[in-house]
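Here is what each chain is made of, one letter per residue.
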Amino acid sequence: MRLILNVIWLVLCGLWMALGYVVAGVICCILIVTIPFGLASFRIAAYALWPFGRTVVDRRDAGAASTIGNVIWFLFAGLWLSIGHVLTGVALCITIIGIPLGVANFKMIPVSLMPLGKEIVELP
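Concerning the environment of Ala45
Structurally, Ala45 can be placed in helix α2 (residues 35-49). Owing to a relative accessible area of 4%, Ala45 belongs among the buried residues under this scheme. Considered as a pair, Ala45 and Pro100 are 55 residues apart in the sequence and their alpha carbons are 19 Å apart. Excluding residues within four positions of it along the chain, Ala45 makes contact with Ala18, Tyr21 and Val22.

Spelled out as structure tokens, the structure:
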């Protein structure tokens, strides 16, 4: 079931959302200071390509630097990427087949708003 959902996801919205994260990551990596944001963006891009069977958990070693970084990320990239998730999720929820995909899109909003201090892990 995960494979079917991931393939449908990839075709309908995963590729476009991952492309948005890659663009944000490249822009962040061009500026030397924001390379950690770029790396976080690339991790989320991989998650946005194939989300079913994975989840996001908090890292135990995340501290105040992650919080400050998340505030900066929210202002420059997180808000716009999360708006993309909301719009895509609403569009997917219009059809019955798209409801699980829309819900998955809504579940990606927290990590798109605050990616630092998070880790993407495989579900058993």
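Observations concerning the environment of Glu122
Looking at the secondary structure, you find Glu122 in strand β2 (residues 118-122). If near-sequence neighbours (up to four positions away) are discounted, Glu122 is found in contact with Gly53 and Arg54.

Notes on helix α3 (residues 64-92)
Across its 29 residues, α3 extends only 36 Å between first and last C-alpha, which sits more than 12% below the 42 Å expected from 1.5 Å per residue. The sharpest bend along α3 comes to roughly 65°, located at Phe74.

With respect to the nonpolar core
Of all hydrophobic cores here, the largest spans 24 residues; its most connected members are Trp9, Tyr21, Ala48, Phe52, Trp73, Leu81 and Leu101. Contributions of two or more residues to this core are made by α1 (2-30), α2, α3 and α4 (99-107). Per-element accounting of this core gives the leading share, eight residues, to α1. Not counting the four nearest positions on each side in its chain, Leu101 is found in contact with Leu5, Ile8, Trp9, Leu12, Phe52 and Leu92.

Overview of α4
In an α-helix, one turn spans 3.6 residues, which is why side chains three or four residues apart end up on the same side. Along α4, the residues classified as buried are Leu101, Gly102, Ala104 and Asn105. Down the axis of α4, the smallest arc covering the buried residues is 160°, so these residues share one side. On its buried face, α4 sits against α1, α3 and α5 (109-113).

Some thoughts on the packing of aromatic side chains
By the definition in use, this model includes two aromatic pairs. Aromatic pair Trp9 and Phe52: ring centres 6.1 Å apart, planes at 85°, arrangement edge-to-face. With Trp9 in helix α1 and Phe52 in the loop between α2 and β1 (54-58), this pair connects stretches of sequence that are 43 residues apart. Residue class for Trp9 comes out buried when judged on its relative accessible area of 0%. Relative accessible area serves as the criterion here: at 17%, Phe52 is assigned to the buried category.

Calculation rules
Residues numbered from 1 in each chain as written. Predicted model: local features only at pLDDT ≥ 70, side-chain atom pairs only at ≥ 80, totals over all residues. Heavy atoms only, no water. Helix = DSSP H or I, 4+ residues; strand = E, 2+ residues; numbered from the N terminus. Buried < 20%, exposed > 50% of the residue type's maximum accessible area, 1.4 Å probe, protein only. Contact = heavy atoms within 4.5 Å. Expected span 1.5 Å × (residues − 1). Bend = angle between axes of the 7 residues up to and from the residue. Core = buried A, V, L, I, M, F, W, Y, C linked by side-chain atoms within 4.5 Å. Arc of directions from axis to C-beta. Phe/Tyr/Trp six-rings, centres within 6.5 Å; stacked < 30°, edge-to-face > 60°.

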